[in-house]
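Structural overview for review
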Amino acid sequence: MTILETYQHRHPGSARLYEEALRTFPSGVTHDIRYLAPFPIFVERAQGSHKWDVDGNEYIDFVMGHGALFLGHAHPEITRAVLEQAPKGTHYGASHVLELEWGKLVRRLIPSAEAVRFTSSGTEATLMATRLARAYTSRDKLLKLDFHFHGWHDALVGARFAESDTPRSAGVPAATLSNTLSVPQNDIRLVEERLARGDVAAVILEPTGASWGTLPLKEGFLADLREVTRRHNSLLIFDEVVTGFRVALGGAQERYGVTPDITTLAKILAGGLPGGAVTGKADIVSMIEFRDNPEWNQERRVAHPGTFNANPLSAAAGVTMLSLIGDGRYHRHADGLMARLIPALNAVLQRRGVPGCAYGLASYFHLALGKDAPRPQEGIEWPWQDGELPMRTSPPLVQALKRGMLNHGVDLMGGSGGFTSGVHTEADIDHTLEAFEATIAEMQTEGLL
Ligand SMILES: Cc1ncc(COP(=O)(O)O)c(C=O)c1O
């Protein structure tokens, strides 16, 4: 049987549910990245690093809640915190002690965090970050970097995503697009040229490179950005929705020692429940504060409602998550597993003579298949060669890899990467490597590689 036939054979329940889902949801899914031809799997339950679908198939999960589940599924202490909170109320429409604890943890862990405002998602966090930057600087333009992802609101989704100049989404007004500029990452000269015009409120980026490090940044680029943004009075926003609490407890800003003006957070922040935050310099985040000055409150203040900001369930999960990971032991574990996984994935490619490479950072990895590429010889980071970026795997290969790995009991994030957590095991890595070798062999048999 081919990979596709095996996939269909192993997942009759998911196929049936997908038929139904197609009648309710566009393309039958509720998030773009969950789309998979001919149908995605339907998951019934999850525990630790594993999940089970409606057909009883078991998977080692590297999606990990799109990166939110740093302690795996249904972690007992996070579950207990949520269960204890639920009967006490899920929304007080008032201030509460847990949000205060949560905010203090963010301030303690994230170097740039002088003041904090919670949101309900990462998209809301980057939306508020850009609003704050524009209000603070009285400038309209935003500068982002090509391929960097910051959620789906108009101000950032509309900018150039591919070399084609095509906006990533339809439905964004041309006027909005004209205020969001995009330049290739790693080219500090281009950034500086654009900032020199004096109309850019902020530069926003994913601080380990586009698409959670799929295209890594050159060493020194963050420090250069810090310097040029300062020189031209533009703010620097690190979107640490993925990297926050992951690549170091204090995020990329701690790992690389570069402190942005504003930081956006989500995912691990909320312990696997919905939640985000915008944080940074007190005088910037305090654009939200009420002052004893009617003119300020009515005309200069940045308004920020949001029904589910800092809701008690997310706060309970978030406080527990951030408290549990505070001593760094889960990071050492998750990073240690990745330090074993990536070289072993590369060894499989080498052994089977398949062009491509695996690389990553801390507890995330990416696979680039189908073209010759340098592989990390030491450590797990992409081995830079002048001017080069890792290529991306073509969509047909990504889909075949995703289906093949699912057939062998492994779920990859987006089909070509993933996250380890503090609860993945050595046995998970053993099984993943077997699954990868088998899938690569099948892809070769089918002439895909
Ligand atoms: C870097 C980055 N920023 C922002 C977002 C948007 O976050 P959310 O999906 O919580 O809206 C994401 C989502 O994956 C992300 O990866």
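Our next topic: unusual backbone geometry. Ala 37 connects to Pro 38 through a cis peptide bond whose omega is 0°. Relative to the helices and strands, Pro 38 resides in the loop between helix H2 (12-22) and strand S1 (43-47).

To continue, consider the packing of helix H1 (residues 3-10) against helix H17 (residues 395-407). Put simply, H1 and H17 touch, their axes get as near as 9 Å, and they point 50° apart. The angle between H1 and H17 places the two elements in the oblique class. Of the two elements, H1 crosses H17, and the hand of that crossing is left-handed. Of H17, the residues touching H1 (which contributes Ile 3, Leu 4, Thr 6, Tyr 7 and Arg 10) are Ala 400, Arg 403, Gly 404, Leu 406 and Asn 407.

Glancing now at the site of the ligand. Every residue close to the ligand is listed here: Ser 121, Gly 122, Thr 123, Phe 149, His 150, Gly 151, Glu 206, Asp 239, Val 241, Val 242 and Lys 267. Gly 122 has a polar backbone atom sitting 2.8 Å from an oxygen atom of the ligand. Protein burial of the ligand: of its 390 Å² of free accessible surface, 82% is covered by the chains. Among the residues forming the shell around the ligand, the class breakdown is three nonpolar, five polar and three charged.

Now for the sheet that holds strand S11 (residues 356-361). The sheet built from three strands is open, its strands ordered S11-S12-S14 with antiparallel pairing. Every interior strand has two partners, whereas the edge strands, S11 and strand S14 (417-419), have only one. For this sheet, the mean angle separating the axes of adjacent strands, direction not counted, is 15°. Bridge count for strand S12 (residues 364-369) against S14 is three bridges, and the pairing is antiparallel. Bridging from a neighbouring strand, His 366 pairs with Gly 417 of S14.

The next subject is the nonpolar core. It is characteristic of soluble globular proteins that their nonpolar side chains tend to be buried jointly. One finds Trp 102, Phe 245, Leu 269, Leu 322 and Ile 325 to be the most contacted residues of the largest nonpolar core, which totals 32 residues. At the level of elements, helix H4 (76-85), helix H5 (97-109), helix H15 (312-324) and helix H16 (329-352) are the ones that each hand at least two residues to this core. No other element matches H15, which puts eight residues into this core. Apart from residues lying up to four places away in sequence, Ile 325 is in contact with Phe 70, Leu 71, Phe 245, Leu 249, Ile 268, Tyr 330 and His 331. Judged by nonpolar contacts, the second largest core, of 28 residues, contains Leu 345, Leu 349, Val 354 and Phe 365.

In this section: the packing of H16 against helix H18 (residues 426-445). The N-to-C vectors of H16 and H18 enclose an angle of 25°; their axes lie 10 Å apart at closest approach. Compared by their axis directions, H16 and H18 come out roughly parallel. Along this stretch, H16 crosses H18, giving a crossing that reads as right-handed. Between H16, through Leu 337, Arg 340, Leu 341, Ala 344, Leu 345, Val 348, Leu 349, Arg 351 and Arg 352, and H18, the contact on the second element is made entirely by Glu 426, Ile 429, Asp 430, Thr 432, Leu 433, Phe 436, Glu 437, Ile 440, Ala 441 and Gln 444. Grouping the amino acids of the contact of H16 with H18 by side-chain chemistry returns 11 nonpolar, two polar and six charged.

A few words on the packing of aromatic side chains. For the structure shown, the criterion picks out six aromatic pairs. Here the aromatic rings of Phe 62 and Phe 365 are separated by 5.9 Å at their centres, their planes lie at 90°, and the arrangement is edge-to-face. Here Phe 365 lies in strand S12 and Phe 62 lies in the loop between strand S3 (58-61) and helix H3 (64-67), a separation of 303 residues in the sequence. On the accessibility criterion, Phe 62 (0% relative accessible area) is buried. Using a relative accessible area of 1% as the deciding quantity, one classes Phe 365 as buried. On the basis of an interplanar angle of 65° and a centroid distance of 5.6 Å, the ring pair of Tyr 359 and Trp 382 is categorised as edge-to-face. With Tyr 359 in strand S11 and Trp 382 in the loop between S12 and H17, the pair connects residues that are 23 residues apart, well separated along the chain.

In this structure the tally under the stated criterion is 16 salt bridges. The shortest N-O distance in the salt bridge between Glu 227 and Arg 231 comes to 2.7 Å. Taken as a pair, Glu 227 and Arg 231 lie in helix H11 (residues 221-231) at a separation of four residues, close to a single helical turn. Given the relative accessible area of 45%, Glu 227 is considered partly exposed. Across the pair Lys 281 and Asp 261 runs a salt bridge, and its minimum N-O distance is 2.5 Å. With Lys 281 in the loop between strand S10 (276-280) and helix H13 (282-285) and Asp 261 in the loop between helix H12 (251-256) and strand S9 (262-265), this residue pair connects regions lying 20 residues apart in the sequence. Through salt bridges with shared partners, one network takes in Lys 51, Asp 61, Lys 402 and Asp 411.

The next thing to look at is the environment of Leu 406. Mapped onto the elements of the fold, Leu 406 is located in helix H17. Put simply, Leu 406 and His 11 are 395 residues apart on the chain and 10.0 Å apart in space, counted from C-alpha to C-alpha. Excluding residues that lie within four positions of it along the chain, Leu 406 makes contacts with Tyr 7, Arg 10, Leu 36, Ile 41, Tyr 59 and Asp 411.

Basis of the calculations
Residues numbered from 1 in each chain as written. Predicted model: local features only at pLDDT ≥ 70, side-chain atom pairs only at ≥ 80, totals over all residues. Heavy atoms only, no water. Helix = DSSP H or I, 4+ residues; strand = E, 2+ residues; numbered from the N terminus. Axes fitted to C-alpha atoms, helices over the stretch in contact; angles between N-to-C directions. Parallel < 35°, antiparallel > 145°, perpendicular 65-115°, else oblique. Left-handed = near helix turned anticlockwise from the far one by under 90°. Contact = heavy atoms within 4.5 Å. Near = heavy atom within 4 Å. Polar contact = N/O pair within 3.5 Å; in protein donor to acceptor, adjacent residues only side chain to side chain. Areas by Shrake-Rupley, 256 points an atom, 1.4 Å probe, with all protein chains shown as cover. Nonpolar A, V, L, I, M, F, W, Y, C, P; charged D, E, K, R; others polar. Pairing = 2+ DSSP bridges. Core = buried A, V, L, I, M, F, W, Y, C linked by side-chain atoms within 4.5 Å. Buried < 20%, exposed > 50% of the residue type's maximum accessible area, 1.4 Å probe, protein only. Phe/Tyr/Trp six-rings, centres within 6.5 Å; stacked < 30°, edge-to-face > 60°. Salt bridge = Lys/Arg side-chain N within 4 Å of Asp/Glu carboxyl O.

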